[in-house]
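# Coordinates in review
Residue-level listing of the chains:
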Amino acid sequence: MGKKMAAKTQGGRRIMQPFTLLIKPSGSDCNIDCEYCFYKGRPSQFGHGKQRMSEQVLDKLVKDYMRLGFSVAGFAWQGGEPTLMGVDFFGKAVNLQKRYGTAGQQVSNTLQTNAVLLDDNWCRFFAANRFLLGISIDGPKEFHDRHRLDHSGAGTFYRVMRGIETCKKHGVEFSALILLNARNVEHPQKIFDFVVENELTYLQFIPCVETDPTTGEPADFSIAAKQYGDFLCRLFDLWYDYGPEKLNIREFDSLVTHYVMGKHTICTYSKQCAGFVVVEHTGDVFCCEFFVQPEWRLGNILETPLARLAADEKKRSFARAKTKLCNKCMVCNHLEICRGGCMKDRTRLNEHRGSSIENRESYFCNSYRQFFDHSLPRFMQIAAAIENGSLTRRTRSAEKIRLYIE
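From a predicted model like this one, the values you see are computed outputs, not experimental measurements. (Residues numbered from 1 in each chain as written. Predicted model: local features only at pLDDT ≥ 70, side-chain atom pairs only at ≥ 80, totals over all residues. Heavy atoms only, no water.)

### Here we look at the pattern of salt bridges
For the structure shown, the criterion picks out 20 salt bridges. A salt bridge links Arg99 to Asp59; the shortest N-O distance between them is 3.9 Å. Pair noted here: Arg99 is in helix H3 (residues 87–100) and Asp59 is in helix H2 (residues 55–66), with a separation of 40 residues, a long-range link. Across the pair Arg316 and Glu313 runs a salt bridge whose closest N-O atoms are separated by 2.8 Å. In this pair, Arg316 and Glu313 both sit in helix H11 (residues 313–321), 3 residues apart, roughly one turn of the helix. For Arg316, a relative accessible area of 22% corresponds to the partly exposed category. (Salt bridge = Lys/Arg side-chain N within 4 Å of Asp/Glu carboxyl O. Helix = DSSP H or I, 4+ residues; strand = E, 2+ residues; numbered from the N terminus. Buried < 20%, exposed > 50% of the residue type's maximum accessible area, 1.4 Å probe, protein only.)

### Regarding the packing of H3 against helix H4 (residues 120–128)
Where H3 meets H4, the closest approach of the two axes is 11 Å, and the angle between their N-to-C directions is 10 degrees. As summarised for this structure, H3 and H4 are arranged roughly parallel, according to the angle between their axes. Along its contact with H3, which presents Val87, Phe90, Gly91 and Val94, the element H4 presents Asn121, Trp122 and Phe125. Residue composition of the contact of H3 with H4, by class: 5 nonpolar, 2 polar and no charged. (Axes fitted to C-alpha atoms, helices over the stretch in contact; angles between N-to-C directions. Parallel < 35°, antiparallel > 145°, perpendicular 65-115°, else oblique. Contact = heavy atoms within 4.5 Å. Nonpolar A, V, L, I, M, F, W, Y, C, P; charged D, E, K, R; others polar.)

### Side note on the environment of Met380
Within the element layout of this structure, Met380 appears in helix H15 (residues 365–387). Taking the C-alpha atoms as reference points, Met380 and Leu255, separated by 125 residues in sequence, lie 9.0 Å from one another.

### Some details on the packing of aromatic side chains
One pass over the full model with this rule turns up 39 aromatic pairs. Taken together, a centroid distance of 5.5 Å and an interplanar angle of 20 degrees make the contact between Phe252 and Phe371 stacked. Within this pair, whereas Phe252 is found in helix H9 (residues 250–261), its partner Phe371 is found in helix H15, the two being separated by 119 residues in sequence. Neither residue differs from the other here; Phe252 and Phe371 are each classed as buried. (Phe/Tyr/Trp six-rings, centres within 6.5 Å; stacked < 30°, edge-to-face > 60°.)

### Some points on unusual backbone geometry
The residue after Gly79, namely Gly80, is reached through a cis peptide bond having omega 15 degrees. Examined against the element boundaries, Gly80 turns out to sit in the loop between strand E4 (72–77) and H3. Positive phi values are uncommon outside glycine, yet Ala115 reaches one of about 70 degrees. Here Ala115 is to be found in the loop between strand E5 (106–113) and H4. Assessed through its relative accessible area of 0%, Ala115 is described here as buried. A positive phi angle, close to 55 degrees, is found at Arg339, a residue other than glycine. By secondary structure assignment, the location of Arg339 is in the loop between helix H13 (335–338) and helix H14 (344–347). The exposure class of Arg339 is buried, given its relative accessible area of 14%.

### Brief notes about H9
With 12 residues, H9 extends 16 Å from end C-alpha to end C-alpha; this agrees with the ideal 16 Å at 1.5 Å per step. Buried residues of H9: Glu251, Phe252, Asp253, Ser254, Leu255, Val256, Thr257 and His258, and no others. Turning to H9, the residues buried within the fold contact strand E8 (202–207), helix H8 (225–242), strand E9 (248–249), H13 and H15. Two residues or fewer after H9 comes Gly262, characterised by a positive phi angle close to 80 degrees. (Expected span 1.5 Å × (residues − 1).)

Here is the structure:
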């Protein structure tokens, strides 16, 4: 997943490069009420209440996408909370993938969830159909229940942990998605001990920065750049001492892959933003989940074929925008590694000013500089150990997380 969609030609004809669909089947609808939710403060863009993808939209998006003929077709189901759609919806999606796919084609289904609804029925389905889950958990109860509450104001920690245990029981592959906020970011040791004690061996850490709509400044739960830099440095030390082969941290794995294979595995550090196409529950298509805005709407799949939307000049313009870096980036020692970071972090605190996504310094610029200065020599040592065979990285087998079309 996440391969760049660069413009290539063959005999004068443009060849489309693989991309992943990021799909919001339930829109912004969710069964819990996280204080820092991305959708809060954006009702005019995303709507209210129950939002559900129709069978017509589902059929069209699967048909259009599978018929592009990518060797690996990537479906990333997100929300809101996608499990609100029910098991039958995803059963239909899998059947459509098989119907419209071709022999030998592989399908990757990933689903991001708060895990509250996960039970034996869900997990049997996910295991049988090789779904890879991303489960949101903010660490121990004291941190998780600070912000991740249900609509009655009750904590969700024990329900999430029950969902995790049910995944383990049925052999469902999953990663823990830990959102770093102003509180838990100060406790890397507690976070690390928690993931080790609970055998959460695949991890992703997501820095939380949202804007206070009144002041235009970071909301109270947002993390500061220095906090993030300190956290990354301490987390790296803990990971390195524990054993890089024992724990897969997505952000660190991307840097290792960069040194071993010359490419990144996450779009934050990529040269362009072209690996995803976002499909909302209505069938509306956008360039990126963080830029679901009128100016970046590509169209609707019920009106325009997906292939044409994905190749639209607006999409290519968005992809190129990441290459337009500020002067500080151009003279930075870490430019080839960082590439200016994620475009959302160039604009997140400037949305109310209507700032361009181009030529701005990332909110986390100093975080990355601090972290790279601290860790890169040891990342290169890890990469060298992998190349000479003295270290083996923990990786998932494709057979466990992909469907194969017969």
